[in-house]
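So the chains spell out like this:
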Amino acid sequence: MPQQSLDKGGLLVVGTERNESKRIDDQLRGRSGRQGDVGTSQFILSLEDDLFVLYGKEDVLKHLIQAKSMYGEPLKSRKIPSFVAQCQKSIEVSNYGIRKQVFDYDTVSNEHREIFYELRNEVVNSLDNNFFGLFINGFIDAVVARSFANKQGKLEYGVLLQLLSSSGIDIPLDSELVMTRKEVTDLLRKELFKLYNSRVKLFSKKELLRLQKQLSLRALDTGWQSHLEAMEYLRQWIGLSTYAQRDPYYEYKVQGDDLFQTMLGDVCLDIVRLFFKN
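What comes next concerns the included structure. (Residues numbered from 1 in each chain as written. Predicted model: local features only at pLDDT ≥ 70, side-chain atom pairs only at ≥ 80, totals over all residues. Heavy atoms only, no water.)

Observations concerning the nonpolar core
Worth spelling out the cut-off: In this description, a nonpolar core means a group of buried Ala, Val, Leu, Ile, Met, Phe, Trp, Tyr and Cys residues linked to one another through side-chain atoms lying within 4.5 Å. Three exposure classes are used, based on accessible area relative to the maximum for each residue type with a 1.4 Å probe and protein chains only: buried under 20%, partly exposed in between, and exposed over 50%. In this text, helices come from DSSP runs of H or I with a minimum length of four residues, and strands from runs of E with a minimum of two, each type numbered from the N-terminal end. Working rule for contacts: check all heavy atoms of both residues, and any pair within 4.5 Å makes them a contact.
Among the nonpolar cores identified, the biggest contains 44 residues, and Phe132, Phe135, Phe139, Ile169, Val184, Leu188 and Phe275 are the most heavily contacted of them. At the level of elements, helix 5 (79-125), helix 6 (132-147), helix 7 (157-166), helix 8 (181-200), helix 9 (205-237) and helix 10 (248-277) are the ones that each hand at least two residues to this core. If near-sequence neighbours (up to four positions away) are discounted, Ile169 is found in contact with Phe139, Leu164, Leu192, Leu195, Val272 and Phe276. In terms of nonpolar packing, the next biggest core, distinct from the first, is built from seven residues, Phe52, Phe83, Val84 and Ile91 among them.

A few points about the pattern of salt bridges
Rule in force here: Basic side-chain nitrogens of Lys or Arg form a salt bridge, by our definition, when they fall within 4 Å of a carboxyl oxygen of Asp or Glu.
This structure, assessed with the given rule, holds 10 salt bridges. Close ionic contact of Asp257 with Lys253 constitutes a salt bridge, the shortest N to O distance being 3.6 Å. Note that Asp257 and Lys253 are positioned in helix 10 at a spacing of four residues, about one turn of the helix.

Looking at the side chain of Thr185
Within the secondary structure, Thr185 sits in helix 8. With relative accessibility at 15%, the residue Thr185 sits in the buried group. In this structure Thr185 touches Ile140 and Val144, once residues within four positions along its chain are discounted.

Comments concerning the environment of Leu217
Mapped onto the elements, Leu217 comes out in helix 9. When the C-alpha positions of Leu217 and Ile271 are compared, they lie 8.9 Å apart, and in sequence the two are 54 residues distant. In contact with Leu217, other than residues within four places in its own chain, are Arg120, Val123 and Val124.

Focus: helix 7
Note the threshold: Within this analysis, the arc is defined by the directions that extend from the helix axis to the C-beta atoms.
What helix 7 keeps buried is the set Tyr157, Leu160, Leu163 and Leu164. Along the long axis of helix 7, the arc covered by the buried residues comes to 135 degrees, so they all point the same way. Packing partners of the buried residues in helix 7 comprise helix 6 and helix 8. The first or second residue beyond helix 7 is Gly168, which carries a positive phi of 75 degrees.

Topic: the packing of aromatic side chains
Worth spelling out the cut-off: The aromatic pairing rule takes the rings of Phe, Tyr and Trp, using the six-membered ring of Trp, and pairs them if the centres are within 6.5 Å, calling planes under 30 degrees apart stacked, those over 60 edge-to-face and the rest tilted. The criterion for a charge sitting over a ring is simple: Lys NZ or Arg CZ within 6 Å of the ring centre, and within 35 degrees of the ring normal.
Evaluated as defined, the whole model comprises 12 aromatic pairs. Between Phe193 and Tyr196, the ring centres sit 6.5 Å apart and the planes meet at 85 degrees, which makes this aromatic pair edge-to-face. Taken together, the positions of Phe193 and Tyr196, both in helix 8 and three residues apart, correspond to about one turn of that helix. Overall, Phe193 belongs to the partly exposed group, its relative accessible area being 23%. With a relative accessible area of 8%, Tyr196 lands in the buried category. By way of ring pairs, the aromatic residues Phe131, Phe132, Phe135, Phe193, Tyr196, Phe275 and Phe276 are connected into one cluster. The lysine or arginine in question, Arg199, covers the ring of Phe275, its NZ or CZ lying 5.5 Å from the ring centre.

Side note on helix 6
For clarity, the threshold we go by: To estimate how far a helix should reach, multiply one less than its number of residues by 1.5 Å.
With 16 residues, helix 6 should reach 22 Å at 1.5 Å per residue; the first-to-last C-alpha distance of 23 Å fits that figure. Every buried residue belonging to helix 6 is among Phe132, Gly133, Phe135, Ile136, Gly138, Phe139, Ile140, Ala142, Val143, Val144 and Ser147, and all of these are buried. Those residues of helix 6 hidden inside the fold are in contact with helix 5, helix 7, helix 8, helix 9 and helix 10.

Overview of the packing of helix 5 against helix 9
How we decide: Angles here are taken between N-to-C directions and fall from 0 to 180 degrees, while the axes themselves are lines fitted to C-alpha atoms, restricted in helices to the stretch in contact. Throughout, the term roughly parallel applies to angles under 35 degrees, roughly antiparallel to angles over 145, roughly perpendicular to angles from 65 to 115, and oblique to all others. Gly is placed with the polar residues, together with every amino acid not listed as nonpolar (Ala, Val, Leu, Ile, Met, Phe, Trp, Tyr, Cys and Pro) or charged (Asp, Glu, Lys and Arg).
Axis separation between helix 5 and helix 9 bottoms out at 10 Å; the angle between their running directions is 175 degrees. Between helix 5 and helix 9, the angle is such that the two are roughly antiparallel. On helix 9, the residues touching Tyr105, Asp106, Val108, Ser109, His112, Arg113, Phe116, Tyr117, Leu119, Arg120, Val123 and Val124 of helix 5 are Lys213, Ser216, Leu217, Leu220, Asp221, Trp224, His227, Met231 and Arg235. Considered class by class, the residues forming the contact of helix 5 with helix 9 number 11 nonpolar, four polar and six charged.

Now the structure itself:
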């Protein structure tokens, strides 16, 4: 700093308001006396500043206002510094809670992302079509789960037939039989892999691998994009669960995991449908 400026008292930093962060205020003060130079700082505040309006306690504000002797006169009180510190402390606590919530929510999304990309990379890096069996088994699990989704836990033949027919799969079923989940699963696995083995004979190994990778990646990418949108929507309204005295993070994780499993089921349904209808 020039000697002429030092002789006149150094740098004067004027702040027109206090920041939400005390750290930023301290940095501004520090600018006035860097490396041991002389200098001063002065903050000009108003009770209409956002810091006071949004985070100030109403009883303290009233006390400060009543302490003024006349309109337009600068307000001076020993309580102002402590009042500002209380407001900044409230903001820091609030911001910490927001950052922690975002981190917790991102942890759930990262778990989904790791599982998804592990599956996707397996498809991309596969040198044969063994990976396709994962999607067929996933298709069977999704069909069975949705066919037994009623409260009684009984098989809904209409749902089962609709899921199979929409995927281009024709499996003989007797609606008069009462079948358990295991029986339906075993039947689907037997018949579906029989249909699959007969269909793969229509392609060369190279053509089959290319087709299965193409169909799988298309369905995976579409499903993942839809899942991200669903998770963002869930994050926006999950805070309402606090009104029902439920933990937002717990509700977000439980419902988010359900959405992820549903997405994986939808992906398997799409892949198998595209393969048998292609």
